[in-house]
Amino acid sequence: MRFEDIDFNKLYMEQKEATTSKMKSKEAWDIKADSMNKRVHKSIYNEQFLKLLNLEKIDTLLDIGCGVGNISLKLAPKLSKIYCLDYSTKMLELLNENAKKQNINNITTINKSWYDSWDDISNADLVIASRSMEVKNMKEALEKLNNKANKKVVISYKVGGSFVSDEILDVLQKDIIKKPDYIYVLNILYNMGINASLNFVQSEGRGTIYTSKEKFIESVSWSIGSLRSDEIKKLEIYYDNLDENKKFKEDFVSWAIISWDK
């Protein structure tokens, strides 16, 4: 079999369907919006992502899965028009509030998902999807991004397939099926005839979850789904026996930054 004959999108979809961690609903992200708005704007990830953007001859932006605007708000002073798309209405409400506080008036919000029609959405010079590529069909998503870009597409995708460390999984004595890793995305793009560039950046990891036992358990549950009572007890014992220094030690998560020119 030749490399070109491998259907990487089919393999991606099969693993995505089987993965333990399921995609979150609009309602779940609405609930998450306030806590995200308090921390995401100060993330080390933002500046690392922005440093990799070449804005030469870029005048307009379409931000897919924009959240509360941690990327778009920083780019607004440099561009003439920004379109921010998200399927969480609460995220968009907070983004608009943030823009108003900063006297930013060149952002238009769009309440749509990956699975809605984008036919009425304007094309933009640059299209980004930052930490928002949780999709069932990666090829279809990449095609939608590519079709809306006049000049360039930049996306980020989690490295490693899980936000929960192997150490915590061992505590839970739980085997999980991890999400498809970033290499699928590169190979799907290759199958599409797109040779993309690859870089890596970091974001804060799970260090903040150690600030309380409740937040720790809530964070683990968010990543891998509901926990049984015996699993919660194991996490409580693990937390109670953690060295104090480890509870507040910062850790980091790696992201693949994948970009291509039109």
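Residues numbered from 1 in each chain as written. Predicted model: local features only at pLDDT ≥ 70, side-chain atom pairs only at ≥ 80, totals over all residues. Heavy atoms only, no water.

(A) A look at the side chain of S156. Examined against the element boundaries, S156 turns out to sit in strand β5 (residues 149–158). A polar contact is formed between the side chain of S156 and the backbone nitrogen of R131, at a distance of 2.6 Å. If near-sequence neighbours (up to four positions away) are discounted, S156 is found in contact with Y45, F49, A129, S130, R131, M133, W255, A256 and I257. (Helix = DSSP H or I, 4+ residues; strand = E, 2+ residues; numbered from the N terminus. Polar contact = N/O pair within 3.5 Å; in protein donor to acceptor, adjacent residues only side chain to side chain. Contact = heavy atoms within 4.5 Å.)

(B) Quick peek at the packing of helix α6 (residues 138–148) against helix α8 (residues 182–191). Relative to each other, α6 and α8 sit at 65 degrees, their axes nearing to 10 Å. Between α6 and α8, the interaxial angle falls into the category roughly perpendicular. The way α6 lies across α8 gives a crossing that is right-handed. In this structure, α6 contributes M138, K139 and L142 to the contact, and α8 contributes V185, I188 and L189. (Axes fitted to C-alpha atoms, helices over the stretch in contact; angles between N-to-C directions. Parallel < 35°, antiparallel > 145°, perpendicular 65-115°, else oblique. Left-handed = near helix turned anticlockwise from the far one by under 90°.)

(C) Local environment of the packing of aromatic side chains. Evaluation of the coordinates by the stated rule reveals 9 aromatic pairs. Seen in terms of ring centroids, Y12 and Y184 are 6.3 Å apart; in terms of plane orientation they differ by 70 degrees. Their pairing is edge-to-face. Taken together, the residues span a long stretch of sequence, with Y12 in helix α1 (residues 8–18) and Y184 in helix α8 at a distance of 172 residues. Of the two residues examined, Y12 and Y184, each falls in the buried class. A connected cluster of aromatic rings, assembled from ring pairs, spans F3, F8 and Y190. In this structure, R131 is placed above the aromatic ring of W255, and the distance from its NZ or CZ to the ring centre is 5.6 Å. Above the ring of Y115, the side-chain terminus of K136 is found at 5.6 Å from the ring centroid. (Phe/Tyr/Trp six-rings, centres within 6.5 Å; stacked < 30°, edge-to-face > 60°. Buried < 20%, exposed > 50% of the residue type's maximum accessible area, 1.4 Å probe, protein only. Lys NZ or Arg CZ within 6 Å of the ring centre and 35° of its normal.)

(D) Region of interest: the environment of D243. Within the element layout of this structure, D243 appears in the loop between α10 (229–240) and α11 (244–247). For D243, a relative accessible area of 46% puts it in the partly exposed group. In the structure, D243 is positioned 198 residues away from Y45 in sequence and 27 Å away in space, judged by C-alpha atoms.

(E) Expanded view of the environment of S25. Mapping S25 onto the fold places it in the loop between α1 and α2 (26–39). In terms of polar contacts, S25 uses its side chain to reach the backbone amide nitrogen of A28, at 3.1 Å.

(F) Just the sheet that holds strand β7 (residues 252–261), in detail. What the 7 strands build is an open sheet, ordered β3-β2-β1-β4-β5-β7-β6; its pairing is mixed. The open sheet terminates on both sides in strands that have one partner only, identified here as β3 (107–111) and β6 (197–204). Each strand of the sheet is rotated relative to its neighbour by a mean of 20 degrees, with strand direction disregarded. Taken together, the 7 bridges between β5 and β7 define a ladder with antiparallel strand orientation. Its bridge partner being in β7, I155 is matched across the sheet by I258. Contacting β4 (124–129), β5, β6 and β7, helix α3 (residues 44–51) runs over the sheet at an angle of about 165 degrees to β6. (Pairing = 2+ DSSP bridges.)

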